Amino acid sequence: MKKLLKNVLEKVHVLKIIGIKNTSKFIEGISVDSKIVQPNMIFVAIKGKKTDGHKFIIDAIQKGANTIICEKKFFSIHKHVTYVFVPNSVEALGIISSNFYDHPTKKIKLIGITGTNGKTSVATILHQLFSKMGEKNILISTMCIKILSKKYLTTHTTPNVIEINKYLNISIQKGCKYAFMEVSSHGIDQKRIAGLLFKGGVFTNITHDHLDYHKSFRHYLSTKRLFFNNLSKNAFALVNSDDENSHQIIKKTSAKIYFYGIKKKTDFKIKILKENIDGNQLLIDGHQIFINLIGRFNIYNLLASYATAILLGKKKMILLKA
């Protein structure tokens with residue numbers, strides 16, 4: 001894949017450009033890891049919690065990077081390289097990745113699922129449900145990235161934004177119209193979803209986990225809330241009303257809000273008729289269904305998936321049959 005640098009930099013907040021100022025050169029890829037840089041790639045220097053990508057700019061140039069995106073000035077300026085200075089490399093990376101891969105989230109309905117528990121289950125149920133209904137889709141989860149029936153291995157719950165845009169672009173070329181993605185608090189905090197346009201966000205629950213990373217429950221909660229704050233007014237926010245922090249999560253969202261749950265009056269409700277080790281007999285919208293998934297947590301996961309599909313325009317009877 002090739003793109004002109006000027007097109008890749010579209011809508012990026014550029015402070016200044018030094019070195020070669022020709023933005024009509026071709027870019028053949030993007031990397032934040034100097035070890036995997038190849039000729040004619042952009043290297044984006046990111047200041048991480050453990051290491052600073054600015055230290056590896058020389059390595060990236062030696063491997064063929066023709067453009068460097070960076071936040072601070074350093075002394076070794078190579079006359080054949082374009083240096084683009086930005087206020088925030090991570091935010092620039094999101095825009096650059098979207099530009100390079102032809103803005104995939106404008107062409108696909110991307111649903112982000114976040115919460116302490118249930119992310120993988122809801123994303124996987126949605127992937128399988130839509131596949132069963134004949135709807136081509138991509139799954140981006142802890143386990144893998146799956147486009148139709150082909151799997152691609154990943155290293156994080158939420159891959160970096162370059163990978164996300166790359167695989168979304170591939171999925172669109174294969175005819176996918178829907179994308180179901182786990183969104184971890186680490187991914188939100190590290191801005192690994194910067195620049196992505198979500199059609200909807202699903203909140204499953206929040207518990208006092210991951211505090212080794214977030215240090216406090218307050219920070220963990222505010223990180224989850226940030227995902228919903230960034231949803232557009234054209235998106236939907238689907239929230240588990242039975243979680244005591246559900247209203248905190250959606251305090252400042254512009255998205256249209258819907259609730260699902262078992263205990264309270266909600267937009268989407270499920271009634272448990274019978275629970276046992278063989279499965280659950282349930283009542284959804286006046287229709288009885290039996291699922292062999294056990295445990296109350298899976299009833300919540302199923303309801304979140306059903307509600308998401310309804311909000312994406314799927315017909316009730318087709319869904320219940322599937």
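Placed above this text is the structure.
What comes next is a walk through the structure. Here the structure is a predicted model, which is why all the values come from computation and not from measurement.

## Side note on the overall build of the protein chain
- For the protein chain, the count of helices and strands is 11 helices and 18 strands.
- The C-alpha atoms of the protein chain give 22 Å as radius of gyration, which agrees with the globular expectation for 322 residues (20 Å, within 12%).
- Here the protein chain, with 322 residues, has 52% of them falling under the buried criterion.
- Accessible area of the protein chain: about 15800 Å², with a carbon and sulfur share of 52%.
- In the protein chain, 50 positive and 21 negative side-chain charges are present, and the distance between their average locations comes to 5 Å.

## Observations concerning the packing of aromatic side chains
- In this structure the tally under the stated criterion is 9 aromatic pairs.
- Where F227 meets F228, the ring centres are 5.1 Å apart and the plane angle is 70°; that geometry is what we call edge-to-face.
- Note on F228: relative accessible area 0%, which makes it buried.
- Through successive ring pairs, a cluster of aromatic residues spans F198, F203, F227 and F228.
- Just above the ring of F26 sits the side chain of K2; from NZ or CZ to the centre is 5.6 Å.
- One residue, K16, lies across the ring of F85, its end atom 5.5 Å from the ring centre.

## Things to note about the environment of K251
- By secondary structure assignment, the location of K251 is in the loop between α9 (246-249) and β15 (256-261).
- Expressed as a C-alpha distance, the spacing of K251 and K21, which sit 230 residues apart in the sequence, is 44 Å.

## Some remarks on the nonpolar core
- Ranked by internal contacts, the top residues of the largest apolar core, which has 51 residues, are I69, I138, M181 and F198.
- Membership of the second largest hydrophobic core comes to 33 residues, among which are I262, I284, Y306 and L319.

## Section: the packing of helix α4 (residues 119-132) against helix α10 (residues 296-311)
- Viewed as axis vectors pointing N to C, α4 and α10 meet at an angle of 50°, and their least axial separation amounts to 9 Å. The angle between α4 and α10 places the two elements in the oblique class. In this structure, α4 crosses over α10, and the sense of that crossing is right-handed. Packed against α4, whose contacting residues are S121, V122, I125, L126, L129 and F130, the element α10 presents N298, N301, L302, A304, S305, T308 and A309 at the interface.
- Taken together, the residues of the contact of α4 with α10 break down into 8 nonpolar, 5 polar and no charged.

## With respect to the environment of H80
- Tracing the sequence through the fold places H80 in the loop between β6 (67-70) and β7 (82-85).
- Setting aside chain neighbours within four positions, we find H80 in contact with I20, K25 and N66.

## Overview of the environment of P39
- Its place among the elements puts P39 in the loop between β4 (29-31) and β5 (41-44).
- The class for P39 is exposed, based on a relative accessible area of 52%.
- Taking the C-alpha atoms as reference points, P39 and Q281, 242 residues apart in sequence, are found 58 Å from one another.

## Some points on the sheet that holds β6
- Taken in spatial order, the 5 strands of this open sheet run β2-β7-β6-β5-β4, and their pairing is mixed. Edge strands, defined here as strands with exactly one partner in the open sheet, are β2 (16-19) and β4. Each strand of the sheet is rotated relative to its neighbour by a mean of 20°, with strand direction disregarded.

## What to know about the side chain of S89
- Here S89 lies in helix α3 (residues 89-100).
- The buried category is assigned to S89, whose relative accessible area is 0%.
- With residues near it in sequence (within four places) discarded, S89 still touches V44, A45, I46, I69, C70 and E71.

## Quick word on the pairing of strand β13 (residues 200-203)
- A two-sided burial pattern is seen for β13, the buried positions comprising G200 and V202 on one face and G201 and F203 on the other.
- Where strand β8 (residues 109-114) and β13 come together, 4 bridges link them in parallel fashion. Along β13, the bridge assignment pairs I111 with G200.
- In terms of strand pairing, β13 meets strand β14 (residues 236-240) through 4 bridges, oriented parallel. Opposite G200, over in β14, you have F236 as the bridge partner.

Conventions and cut-offs
- Within any chain, residue numbers begin from 1 and follow the written order of that chain's sequence.
- Local features in this predicted model are restricted to residues of pLDDT 70 or higher, and side-chain atom pairs are both shown and tallied only at a pLDDT of 80 or more, whereas totals for entire chains, interfaces and linings draw on every residue.
- Here the side-chain values reflect all heavy atoms present in the structure, with hydrogen atoms and water set aside.
- Runs of H or I in DSSP of at least four residues are treated as helices and runs of E of at least two as strands, each being numbered from the N terminus.
- Based on C-alpha atoms, the radius of gyration is set beside the globule rule, defined as 2.2 Å times the residue count to the power 0.38.
- Residue exposure (1.4 Å probe, protein chains only): buried if accessible area is under 20% of the type maximum, exposed if over 50%, otherwise partly exposed.
- All accessible-area figures derive from a Shrake-Rupley calculation using a 1.4 Å probe, and residue coverage is judged against the displayed protein chains alone.
- The charge count includes Lys and Arg as positive and Asp and Glu as negative, but it does not include His or the ends of the chains.
- Taken as the charge centre is NZ of Lys, CZ of Arg, CG of Asp or CD of Glu, depending on the residue.
- Side-chain rings of Phe, Tyr and Trp, where Trp is taken by its six-membered ring, are said to pair if the distance between their centres is within 6.5 Å; with planes under 30 degrees apart they count as stacked, over 60 as edge-to-face, and otherwise as tilted.
- To sit over a ring, a charge needs its Lys NZ or Arg CZ within 6 Å of the ring centre and within 35 degrees of the ring normal.
- Among buried residues, the Ala, Val, Leu, Ile, Met, Phe, Trp, Tyr and Cys ones that are joined through side-chain atoms within 4.5 Å form a nonpolar core.
- Geometry is summarised by axes, namely lines fitted to C-alpha atoms with helices restricted to the contacting stretch, and by angles between N-to-C directions that run from 0 to 180 degrees.
- Every angle not falling under 35 degrees, over 145, or within 65 to 115 is termed oblique; those three ranges are roughly parallel, roughly antiparallel and roughly perpendicular.
- In a left-handed crossing the near helix is turned counterclockwise from the far helix by less than a right angle, and in a right-handed crossing that turn is clockwise.
- Whether two residues are in contact is decided by their heavy atoms, any of which lying within 4.5 Å being enough.
- Here the term charged refers only to Asp, Glu, Lys and Arg, the term nonpolar to Ala, Val, Leu, Ile, Met, Phe, Trp, Tyr, Cys and Pro, and the term polar to all other amino acids, Gly among them.
- When DSSP locates at least two bridges between a pair of strands, those strands are taken to pair.

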